[in-house]
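# Summary of the model geometry
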Amino acid sequence: MHHFRYIGHNLHCESVDLAEVARLYGTPTYVYSAATMADNYTRLSKSLSGLDFQICFANKANANLGVLRHFANLGAAFDFASGGELRRVLAAGADVKRSVFAGVGKTEAEIVLALTSGIFAFHVESEPELARINHVAGKLGVKAPISIRVNPDVDALTHAKISTGKSEHKFGIPLRFAAAAYEAASKYPHVALRGVQMHIGSQITEVEPLVEAVEKVAPLAAELKAKFGITYFSIGGGIGIVYRDALASGQAAWWEAQPADKRPMTPESYGAALVPLLKPLGLKVVLEPGRFLVGNAGVLLSRVEYLKRGHGKNFLIVDAAMNDLVRPAMYDAFHEIVPLHRDTTRRSLVADVVGPVCETSDCFAKDRSLQELGEGEYLAIMSAGAYGRTMASRYNARPLPAEVLVQGSAFELVAARETFEQTIAGEKIPAFLG
Ligand code: LLP
């Protein structure tokens, strides 16, 4: 469920007319709904009732400071994939005492930062990383709280590029070697064993792979609790969202209309399947959702530059591009595209929706049927709240897009569009070139 809908002919985010945002701040601009994020957070929390749990928002999905503060206010902690993400959480005025740090390549500087900031735990992905954390903690005269990320060798049944839980993936320590890794870790003087972690992939829409992974890791978790007194089990993130019927899925009626066997995983079906497996362990359960909390809470607004009629093909050329939202180019991801002003009297148009970047992959949609749109009209690329702005680049010397946060009828610019000067700050012509 989300808070994007047409009121009259105009697409609104909560009570805000999105065309007004586009006119005020220009395009391309990301717009986020605070109420949708809060609803997603509450709904996921409710689905876990009966468990002692902590939601750690994976801020690789959306790291805008306003968004981070919103989640901190809701009671979330965070999952970081880098020192930069940790610093963003601190910059948002949140604390990191309940937050966790994942990633296969933590540098010494990042480990120092995490230790001095007092994070809840490192999610360790290899034996050499364990040795490094022990070494750095020793130099600082502290004990590093750690959990090992285990790789359960389970297929998450998602896109190959966002699958992480098979043994061929770079993540975690294979389940069969995990007990030995904990044994070794217990001998390190500067680490404290806190929990166990897994994460098998992203945009997971069926609960079965998660059940399989939890069932595989649970006996280890029980053994580690008995042997080393670990206190939590992190089951990672991965809950998928609806991309294809993005707008309609904001309403309960859409969900009710889906046949039971076709309904994508919901927080409720996720909780119903996993809580009974997790509860008997008597451990705190940590979750690291990213996409589920923010994906359907954001759209990317764009303006039509041209409608180009090609040979047997139409191209709707918009001012957003793959540098602003890379998911279609990178994962062939589907994003629904809708006009900000809906006019049912217009003809429909079948077109490729493309950006101005000089790459064929700069294409948001192929042969998409849309209401006919012309120069200067606006559209929204739906479900762009996760892995949108955080994956944006400056390719083709395009500045990073703006971000706006909406709450009710209030909205504010929470990241200004970059200026050209900001994009070249830090560069210089070397003296030897004269
Ligand atoms: N925990 C860990 C250790 C992760 O690596 C990730 C995501 C998450 C949690 C959050 O997963 P989520 O709940 O968002 O599925 N850029 C890709 C997604 C990459 C996910 C990377 N890891 C995309 O746009 O689809």
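Everything numeric in this text was worked out from a predicted model, so none of it was measured.

## Some details on the packing of aromatic side chains
Per the stated rule, a full pass over the model turns up nine aromatic pairs. Taking 6.4 Å as the distance between ring centres and 55° as the angle between the ring planes, the aromatic pair formed by Tyr-41 and Phe-71 counts as tilted. Taken together, the residues span a long stretch of sequence, with Tyr-41 in helix α2 (residues 34-47) and Phe-71 in helix α3 (residues 65-74) at a distance of 30 residues. Since its relative accessible area comes to 9%, Tyr-41 is described here as buried. With 5.2 Å between their ring centres and 40° between their planes, Phe-120 and Tyr-232 make a pair best called tilted. Of this pair, Phe-120 sits in the loop between α5 (108-117) and β8 (121-124) while Tyr-232 sits in strand β12 (residues 232-234), and the two are 112 residues apart along the sequence. Three or more aromatic residues link up through ring pairs in this structure, and these residues are Tyr-41, Phe-57, Phe-71 and Phe-78.

## Some remarks on helix α7 (residues 175-187)
For α7, the full list of buried residues reads Ala-178, Ala-181, Tyr-182 and Ala-185. Residues of α7 that are buried sit in contact with α6 (127-140), β9 (144-151), β10 (173-174), β11 (191-197) and α8 (208-228).

## What to know about the sheet that holds strand β3 (residues 16-17)
Spatially, three strands are ordered β1-β2-β3 in an open sheet, and the strand pairing comes out antiparallel. Across the chains shown, the open sheet's two edge strands, defined by having one partner strand only, are β1 (4-7) and β3. Relative to strand β2 (residues 10-13), β1 is paired through four bridges, and the arrangement is antiparallel. Bridge assignment links Phe-4 to a residue of β2, and that residue is Cys-13.

## Comments concerning the site of the ligand
Near the ligand there are 18 residues, and of these Ser-202, Glu-288, Arg-327, Tyr-331 and Tyr-387 occur at the shortest range. Between the ligand and Lys-60 there is a distance of 3.3 Å, counted from an oxygen atom to a side-chain nitrogen or oxygen. Taking Arg-327, its side chain carries an N or O atom lying 2.6 Å from an oxygen atom of the ligand. When the free accessible area of the ligand is taken as 590 Å², the share hidden by the protein chains comes to 92%. Class assignment of the residues belonging to the shell around the ligand gives a composition of six nonpolar, six polar and six charged. Inspection of the shell around the ligand shows a minimum of three residues originating in each of domain 1 (34-290) and domain 2 (296-423).

## Structural notes on α3
Spacing of three or four residues puts side chains on the same side of an α-helix, whose turn is 3.6 residues. Those residues of α3 that sit buried are Val-67, Leu-68, His-70 and Phe-71. The buried residues of α3 occupy one face: seen down the axis, they fall within an arc of 160°. For α3, the side-chain oxygen to backbone nitrogen distance between the N-cap and Gly-66 is 2.8 Å, and the N-cap itself is Asn-64. Backbone geometry just after α3 places Gly-75 at a positive phi near 105°.

## Points about the pairing of β8
Residues in a regular strand point their side chains to alternate faces of the sheet. Side chains of β8 alternate between two faces, with Ala-121 and His-123 and Phe-122 and Val-124 buried alike. What joins strand β7 (residues 100-101) to β8 is α5, and the crossover it makes is right-handed. Direction of pairing for β8 relative to β9: parallel, over a ladder of three bridges. Its bridge partner being in β9, His-123 is matched across the sheet by Ser-147. Each parallel crossover has a hand, and the one from β8 via α6 to β9 is right-handed.

## Considerations on the confidence of the model for the chain
Looking at the chain as a whole, its pLDDT mean stands at 96, while 100% of the residues score no less than 70. Averaged pLDDT values over the elements of the chain bottom out at 92 in β10 and peak at 99 in strand β4 (residues 29-33).

## Brief notes about unusual backbone geometry
Where the residue is not glycine, phi is negative for most of them; where a peptide bond is considered, it is trans in most cases. Backbone torsion omega between Thr-27 and Pro-28 reads -5°, so that peptide bond is classified as cis. Structurally, the position occupied by Pro-28 is in the loop between α1 (18-25) and β4. The backbone of Glu-14 sits at a positive phi, close to 55°, despite the residue not being glycine. Looking at the secondary structure, you find Glu-14 in the loop between β2 and β3. In this structure Glu-14 comes out as buried when scored by relative accessible area, which is 7%. Phi is positive for Tyr-387, which is not a glycine, with a value near 60°. In this structure, Tyr-387 sits in the loop between β19 (378-381) and β20 (402-407). Residue classification places Tyr-387 among the buried positions, given a relative accessible area of 15%.

## Comments concerning the domain arrangement of the chain
Here the chain is partitioned into domain 1 (34-290) and domain 2 (296-423). Taking only C-alpha atoms into account, the centre of domain 1 sits 31 Å from that of domain 2. Listed per partner, the contact involves 23 residues of domain 1 and 22 residues of domain 2. For the domain 1 and domain 2 pair, buried surface summed over both sides reaches about 2000 Å², with 57% attributable to carbon and sulfur atoms. In terms of surface lost to domain 2, no three residues of domain 1 exceed Asn-64, Tyr-243 and Arg-244, which account for 28% of the buried area on that side. Summed over the shared surface of domain 1 and domain 2, the number is zero salt bridges. Breaking the side of domain 1 that touches domain 2 down by element, the ones donating at least two residues are α2 and α3.

## Quick notes on the pattern of salt bridges
Scanning the entire structure with this criterion turns up 20 salt bridges. One salt bridge in this structure joins Glu-372 and Arg-309, with 3.0 Å as the shortest N-O distance. In this pair, Glu-372 is assigned in the loop between β18 (363-371) and β19 and Arg-309 in strand β14 (residues 298-309), connecting sequence segments 63 residues apart. Using a relative accessible area of 19% as the deciding quantity, one classes Glu-372 as buried. The exposed category is assigned to Arg-309, whose relative accessible area is 51%. Several salt bridges converge on common partners, so that one network encompasses Lys-313, Asp-352, Lys-366 and Asp-367.

What counts, and at which threshold
Residues numbered from 1 in each chain as written. Predicted model: local features only at pLDDT ≥ 70, side-chain atom pairs only at ≥ 80, totals over all residues. Heavy atoms only, no water. Phe/Tyr/Trp six-rings, centres within 6.5 Å; stacked < 30°, edge-to-face > 60°. Helix = DSSP H or I, 4+ residues; strand = E, 2+ residues; numbered from the N terminus. Buried < 20%, exposed > 50% of the residue type's maximum accessible area, 1.4 Å probe, protein only. Contact = heavy atoms within 4.5 Å. Pairing = 2+ DSSP bridges. Near = heavy atom within 4 Å. Polar contact = N/O pair within 3.5 Å; in protein donor to acceptor, adjacent residues only side chain to side chain. Areas by Shrake-Rupley, 256 points an atom, 1.4 Å probe, with all protein chains shown as cover. Nonpolar A, V, L, I, M, F, W, Y, C, P; charged D, E, K, R; others polar. Domains from an automatic or database assignment. Arc of directions from axis to C-beta. Right-handed = clockwise from strand over helix to strand, strands pointing away. pLDDT = per-residue confidence, 0-100. Buried area = accessible area lost by both parts, 1.4 Å probe. Salt bridge = Lys/Arg side-chain N within 4 Å of Asp/Glu carboxyl O.

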